[in-house]
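Close look at the chain arrangement
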Amino acid sequence: MDALTLAIESYTSKTSNLVSQALAIYAVKIIGENLMKAYFVGTDIESREKMLVSSMIAGAAFSQSRLGNVHAISHTFGGVFDIPHGIANAALLPFVMEFNLPACPDKFKDIAIALGQDVTGLSTLEAAKKAIGTVIEMNRAMNIPLNIKELGVSLNLLHKLVEDSMRSGNVLINPRVTKANDIKSIIENAYHGNFEGNINKVVDFSYKI
């Protein structure tokens, strides 16, 4: 899920370009096709190899484009609460995607398709929501908490979390302009597991092993 976060944030970054976008969306596709098998059938060498390759491709993408709000916040979680980076990314990803949705629905539609969702006949916004819903269901399938409270985040330190997150250069290249109050809202929504518009119910998720 860390690799998927890298790919999604790279694809939607303000500083992405045609080459980084091509790498990032390809990484999303390979991860969508192989992550569940690698997780549930850990002895499947082919899926594990493809996950390693997709991680490398996502790294090549974000080395050119940098990232976004997920990493701005997750780095803070790691420093303050010692939460593993990949788990923090995974738990935050759908909440940041929801925040970014108005700024890049076309790109989220691309991501939904790359993750294997059928968007035939849907509006761009409806298709884009499927990208977020798929990430939610992937987290659920792998027992990753659907809120950051379960990771040990405390809102008693919310001011520090916001302040530290806003120091990250990743905030400046996030696809949607982000203020301190926005970071605060993202963290609060992620803490309580709050999504708007029933985003967590827009996909019928299944995996093949």
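Please refer to the structure higher up on the page.
Computed from a prediction, not measured in an experiment: that's the story for all the values here.

Formed by 62 residues in total, the largest nonpolar core has its most connected members in Met-1, Leu-4, Phe-77, Phe-108, Ile-148 and Ile-187. Excluding anything up to four places from it in sequence, Ile-187 contacts Ile-73, Phe-77, Ile-148, Leu-155, Leu-158, Leu-161 and Val-162.

Put simply, the second largest pocket is a space of about 220 Å³. For the second largest pocket, the full set of lining residues is Phe-95, Glu-98, Phe-99, Leu-101, Pro-102, Arg-176, Ser-185, Ile-186, Asn-189, Asn-194 and Glu-196. In terms of residue class, the lining of the second largest pocket is made up of 5 nonpolar, 3 polar and 3 charged.

Where helix H1 (residues 2-12) meets helix H3 (residues 45-65), the axes come as close as 9 Å, and the angle between the chain directions of the two elements is 35°. Considering how the two elements wind past one another, H1 and H3 form a crossing that is left-handed. Here Ala-3, Leu-6, Ala-7 and Ser-10 of H1 lie close against H3, whose contacting residues are Ser-55, Ala-58, Ala-61, Phe-62 and Ser-65. Split by residue class, the contact of H1 with H3 holds 6 nonpolar, 3 polar and no charged.

Turning our attention to the environment of His-71. Secondary-structure assignment places His-71 in helix H4 (residues 69-81). Residue His-71 is classed as buried on the basis of its relative accessible area, which comes to 2%. For the pair His-71 and Gly-121, spaced 50 residues apart in the sequence, the C-alpha separation amounts to 33 Å. Discounting residues that sit within four places of it in the chain, His-71 has contacts with Asp-2, Thr-5, Leu-6, Glu-9, His-85, Asn-89 and Asn-170. Separated by 3.4 Å, the side chains of His-71 and His-85 make a polar contact.

Cut-offs and rules
- All residue numbers here refer to positions counted from 1 along the written sequence of the relevant chain.
- Residues qualify for local features only when their pLDDT is at least 70, as the model is predicted, and side-chain atom pairs are given and counted only at 80 or more; totals for whole chains, interfaces and linings, by contrast, use all residues.
- Water and hydrogen atoms play no part in the side-chain values, which are based on all heavy atoms of the structure.
- In plain words, nonpolar cores are sets of buried Ala, Val, Leu, Ile, Met, Phe, Trp, Tyr and Cys residues tied together by side-chain atoms within 4.5 Å.
- Only protein chains enter the accessibility calculation, which uses a 1.4 Å probe; a residue whose area is less than 20% of its type maximum is buried, one above 50% is exposed, and one in between is partly exposed.
- In what follows, a contact means two residues having at least one pair of non-hydrogen atoms within 4.5 Å.
- Space inside and on the surface of the protein is sampled on a 1 Å grid over the protein atoms alone, with a cavity defined as a set of points where a 1.4 Å probe fits but cannot get out and a pocket as an open set with protein on both sides within 12 Å along at least 5 of 7 lines; lining residues have an atom within 4 Å of a point.
- Grid points are joined across faces, edges and corners, and a volume is the space filled by probe spheres set on the points.
- Any residue outside Ala, Val, Leu, Ile, Met, Phe, Trp, Tyr, Cys, Pro, Asp, Glu, Lys and Arg is labelled polar, Gly included; the first ten of those are nonpolar and the last four are charged.
- All axes here are fitted lines through C-alpha atoms, helices being fitted over the stretch that makes contact, and every angle between N-to-C directions spans 0 to 180 degrees.
- Only DSSP runs of H or I reaching four residues or more are called helices, and only runs of E reaching two or more are called strands; each is numbered from the N terminus.
- By definition, turning the near helix anticlockwise from the far helix through less than a right angle yields a left-handed crossing, and turning it clockwise yields a right-handed one.
- N or O atoms within 3.5 Å of each other form a polar contact, as long as, within protein, one can give a hydrogen and the other can take it, and as long as residues adjacent in sequence are counted only when both atoms are side-chain atoms.

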